[in-house]
There are 2 protein chains.
Amino acid sequence: MSEVQLKEALDSLKDTGVRITPQRHAILEYLINSMSHPTADDIYKALESKFPNMSVATVYNNLRVFREVGLVKELTYGDSSARFDFVTTNHYHVICQTCGKIVDFDYPALDEVEHFAAQVTGFNVSHHRMEIYGDCSECAKKESH
Amino acid sequence: MSEVQLKEALDSLKDTGVRITPQRHAILEYLINSMSHPTADDIYKALESKFPNMSVATVYNNLRVFREVGLVKELTYGDSSARFDFVTTNHYHVICQTCGKIVDFDYPALDEVEHFAAQVTGFNVSHHRMEIYGDCSECAKKESH
DNA sequence: TCTTAGATTGTAATATTTATAAATAGTGTA
DNA sequence: TACACTATTTATAAATATTACAATCTAAGA
Ligand SMILES: [Mn+2]
Ligand SMILES: [Mn+2]
Ligand SMILES: [Zn+2]
Ligand SMILES: [Zn+2]
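Residues numbered from 1 in each chain as written. Chains lettered and ligands numbered in written order. Predicted model: local features only at pLDDT ≥ 70, side-chain atom pairs only at ≥ 80, totals over all residues. Heavy atoms only, no water.

S.K.: Kindly report on the coordination of the zinc ion (ligand 3), identifying the contributing residues and their values.
M.R.: When a metal carries six donors in an octahedron, the ideal angles between them are 90 or 180 degrees, while four donors in a tetrahedron ideally lie at 109.5 degrees. Residues and elements named next belong to chain A. Protein ligation of the zinc ion (ligand 3) involves Cys 96 (SG), Cys 99 (SG), Cys 136 (SG) and Cys 139 (SG), the donor distances falling in the range 2.3 Å. What the four donor atoms of the zinc ion (ligand 3) show is an angle range of 104 to 118° at the metal, which sorts the shape as tetrahedral. Summarised as a motif, the one-chain spacing of the donors to the zinc ion (ligand 3) is C-x2-C-x36-C-x2-C. Taken together, the residues span a long stretch of sequence, with Cys 96 in strand S3 (residues 92-96) and Cys 136 in the loop between strand S5 (124-135) and helix H6 (137-143) at a distance of 40 residues. Owing to a relative accessible area of 2%, Cys 96 belongs among the buried residues under this scheme. (Donors = N, O, S within 2.8 Å, 3.2 Å for Na, K, Ca; no water. Tetrahedral: all angles 85-135°; square planar, octahedral: opposite > 155°, others 65-115°. Helix = DSSP H or I, 4+ residues; strand = E, 2+ residues; numbered from the N terminus. Buried < 20%, exposed > 50% of the residue type's maximum accessible area, 1.4 Å probe, protein only.)

S.K.: Explain the packing of helix H1 (residues 2-15) of chain B against helix H2 (residues 22-34) of chain B to me, and be specific about the residues and the numbers.
M.R.: Residue and element names in this part refer to chain B. One way to put it is that H1 packs onto H2 with a least axis distance of 10 Å and a crossing angle of 140°. With respect to their mutual orientation, H1 and H2 come out oblique. H2 is crossed by H1, and the crossing has right-handed handedness. Residues Ser 2, Gln 5, Leu 6, Ala 9, Leu 10 and Leu 13 of H1 form the contact with H2, whose own contacting residues are His 25, Leu 28, Glu 29, Ile 32 and Asn 33. Of the residues that constitute the contact of H1 with H2, the class distribution is six nonpolar, four polar and one charged. (Axes fitted to C-alpha atoms, helices over the stretch in contact; angles between N-to-C directions. Parallel < 35°, antiparallel > 145°, perpendicular 65-115°, else oblique. Left-handed = near helix turned anticlockwise from the far one by under 90°. Contact = heavy atoms within 4.5 Å. Nonpolar A, V, L, I, M, F, W, Y, C, P; charged D, E, K, R; others polar.)

S.K.: Explain the nonpolar core residue by residue, including any values.
M.R.: Within the largest apolar cluster, 28 residues are counted, with the highest numbers of intra-cluster contacts made by Phe 105, Leu 110 and Val 113 of chain A together with Phe 105, Leu 110 and Val 113 of chain B. The set of elements that each furnish at least two residues to this core consists of S3, helix H5 (111-121) and S5 of chain A together with strand S3 (92-96), helix H5 (111-121) and strand S5 (124-135) of chain B. Residue contacts for Val 113 of chain A: discarding those within four places in its chain leaves Phe 105, Tyr 107, Leu 110, Met 130 and Ile 132 of chain B. (Core = buried A, V, L, I, M, F, W, Y, C linked by side-chain atoms within 4.5 Å.)

Written as structure tokens, this is what we have:
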């Protein structure tokens, strides 16, 4: 299953005229298999044994390329560094304010809100972002002690 | 009207045991009167004629204090610096992807989404954030040329 | 007025991300 | 397969935003 995703991703790069390098292959593979929301530095560290000479700029450059092609979404929060999510199905995120855990969360897209915003503001609306914040069950348990 | 908001804000600081300094007074006043979503540096620059010796650290420190007390909300986007919004009524934001303009936007809070997320993930949900992205009418017009 | 804990200031440090230029390598073509 | 062309990588420096720190100052209660 993840092999299929990787193959489709590589094909979509090829279709856009983006060269497939070993670094790109490895970053995509890591994003697909990790099933998480890693930072650029997470990816850099995870691949440094395989690519001891890879530059961190390469990770950033390729994540931008992947974002532009539509393969990954960039999740930006206030605090620290951006996180990257391999695009599969549309979903939202629930984030623990205590430990930082990010949980995927399926919910129908809020089309009404977009339409309403377009009408009220005159914007040409393209998309929205939403995140839900709280404490995960582990952290909530610890706090109650 | 803004005098009332300023007075209430100062009272709420006093109630929390936060000292009222000229710098804090000025930052709050600016946030309330600007009716916009300034960055820390916007505030710093706007007040430098009045406080030639004020440190940018003071602006950051106080914005954090105000956030902790609940007087301001910090809006963090990917690209540049954080923006700050004096808390009045609950509202969302519509953001122009081209020029960066931020427009306030009233919409009933998405309580259902929060409840659903809590049930599905087991989180103790506290709040959510949502922004709508698109192009404002001016930018959309320019692009069509 | 005096005292003192908290606030401000000036500066250095940290961290993330981007820019740059030289070296390298992927891919289409012959 | 070998070549040529150009995209990509690498290494490093730079830009930017934010925080840490220590010395100085001051708001506010006694
Ligand atoms: Mn996700
Ligand atoms: Mn606002
Ligand atoms: Zn947690
Ligand atoms: Zn615009």
